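The chain contents come next:
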Amino acid sequence: MWIMFTKNRYESEELRILKALNKRMDLPDKEKQYFSNLQKGFEGELMFDGYLQRIVIQSYILNDLLFEHNHSHFQIDSLMISQYLTYLFEVKNFEGEYYFDGDTFKKINGNEVKNPLLQLERNVSLLRQFFISIGFKTPIEAYLVFVNPDFTLYQAPLNSRIILPTNLNRFIHQMNNQKSTLNIQHSRLSEKLLSSHLTKSPFTKILPYEYAQLRKGVFCHSCGTVMEEYHGREIICKSCAVKENTKNAMLSCVKEFNVLYPQEKLSTNIIYEWCGGLFPKKTIRQVMKENFIISGYGQWSYYE
Ligand SMILES: [Zn+2]
């Protein structure tokens with residue numbers, strides 16, 4: 001086994017922000033839909049990662065990349081560098097019945113959806129140009145992967161670039177039957193790609209949110225209700241009786257604050273308020289002291 005995952009996949013900043021906001025405000029329908037699409041997309045990518053983990057030939061796998069070439073940004077779900085080829089995978093977690101109608105892509109009810117094949121073409125063309133600009137000539141093979149087992153595609157165009165859920169196992173098997181021996185050139189390519197990856201996405205479009213408008217409190221991870229019962233080491237949800245460890249609940253609450261307000265300093269008072277007054281300040285100080293560094297002094301101290 002030689003496969004190397006050189007770049008892991010994480011929830012995007014945008015997804016983490018929307019996740020935190022979703023609990024603390026009523027997202028407008030448009031944002032809710034967008035949030036659910038992001039979440040679904042991410043789950044689909046994780047599903048596909050599971051398949052790629054079964055690759056046994058020598059290869060580098062880079063996940064979730066963002067590049068800019070000639071003022072165009074493009075995102076790549078998964079990239080796999082093998083001896084002769086670089087594979088580009090565009091992963092879609094669509095569910096339900098779809099069909100291609102000429103150049104358009106539609107749901108069975110006729111609603112048009114952004115054509116993922118066009119997106120794939122755009123990305124592969126930009127990636128090719130990008131490879132040339134950084135001095136690499138390896139050919140690229142691009143695939144559109146539908147990972148959801150509940151996805152059906154009618155009238156699939158005779159396009160070998162589309163991998164359907166039922167073909168995924170066979171595809172991985174075929175990949176594993178190839179020969180691949182990597183050399184220093186491949187590792188240079190991988191490094192070059194990693195160093196060109198952009199961390200700030202220009203696609204991020206988060207609605208404005210204000211601290212005063214956000215619901216404060218600790219929310220039950222199981223039913224979403226505000227937790228009201230504090231019992232020292234654990235807190236209990238009144239509506240579904242789920243118990244949560246105080247420390248974990250507080251830290252995940254603090255993490256959410258950090259995601260929404262990365263510039264703000266974390267003080268005991270802020271955390272107290274953010275958690276809806278559920279935890280005594282003494283407990284907050286204790287937990288925070290164990291997990292953060294205290295800066296400043298007395299009432300001006302904050303956690304880093
Ligand atoms: Zn609950």
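Just so you know, these numbers come straight off a predicted model, no measurement behind them. (Residues numbered from 1 in each chain as written. Predicted model: local features only at pLDDT ≥ 70, side-chain atom pairs only at ≥ 80, totals over all residues. Heavy atoms only, no water.)

(A) Geometry of the domain arrangement of the protein chain. Taken domain by domain, the protein chain consists of domain 1 (4–196) and domain 2 (216–303). A straight line from the C-alpha centre of domain 1 to that of domain 2 covers 37 Å. Opposite the 6 residues of domain 1 that make contact, domain 2 presents 8 residues. Between domain 1 and domain 2, a total of about 710 Å² is buried, with carbon and sulfur atoms accounting for 62% of that surface. It is A20, K23 and R24 that lose the most area in domain 1 upon contact with domain 2, and together they represent 74% of the buried surface on that side. (Domains from an automatic or database assignment. Contact = heavy atoms within 4.5 Å. Buried area = accessible area lost by both parts, 1.4 Å probe.)

(B) Quick look at the sheet that holds strand 11 (residues 229–231). Strand order in the open sheet formed by 3 strands is 11-12-13, with antiparallel pairing between adjacent strands. The open sheet is flanked by strand 11 and strand 13 (243–245), the only strands paired with a single partner. For this sheet the average axis-to-axis angle between neighbouring strands, irrespective of direction, equals 25°. Summarising the sheet, strand 12 (residues 234–236) and strand 13 pair through 3 bridges and their orientation is antiparallel. Opposite E234, over in strand 13, you have N245 as the bridge partner. Across the sheet, helix 6 (residues 246–260) lies against strand 11, strand 12 and strand 13, angled at about 75° from strand 13, the strand it touches most. (Pairing = 2+ DSSP bridges. Helix = DSSP H or I, 4+ residues; strand = E, 2+ residues; numbered from the N terminus. Axes fitted to C-alpha atoms, helices over the stretch in contact; angles between N-to-C directions.)

(C) Representation of the packing of aromatic side chains in the model. Under the counting rule described, the total for this entry stands at 24 aromatic pairs. When the ring of F89 is compared with that of Y143, the centres are 6.1 Å apart and the planes differ by 25°; the resulting orientation is stacked. Of the two residues, F89 is situated in strand 4 (residues 86–92) and Y143 in strand 8 (residues 140–146); the sequence distance between them amounts to 54 residues. Residue F89 is classed as buried on the basis of its relative accessible area, which comes to 0%. Judged by centre distance (5.3 Å) and plane angle (40°), the ring pair of F257 and Y261 falls under tilted. The class of F257 is buried, set by a relative accessible area of 3%. Taken together, the ring pairs in this structure connect F94, Y98, F100, F105, F146 and F151 into an aromatic cluster. Its end group placed over the ring of W274, R24 keeps NZ or CZ at 3.9 Å from the ring centre. (Phe/Tyr/Trp six-rings, centres within 6.5 Å; stacked < 30°, edge-to-face > 60°. Buried < 20%, exposed > 50% of the residue type's maximum accessible area, 1.4 Å probe, protein only. Lys NZ or Arg CZ within 6 Å of the ring centre and 35° of its normal.)

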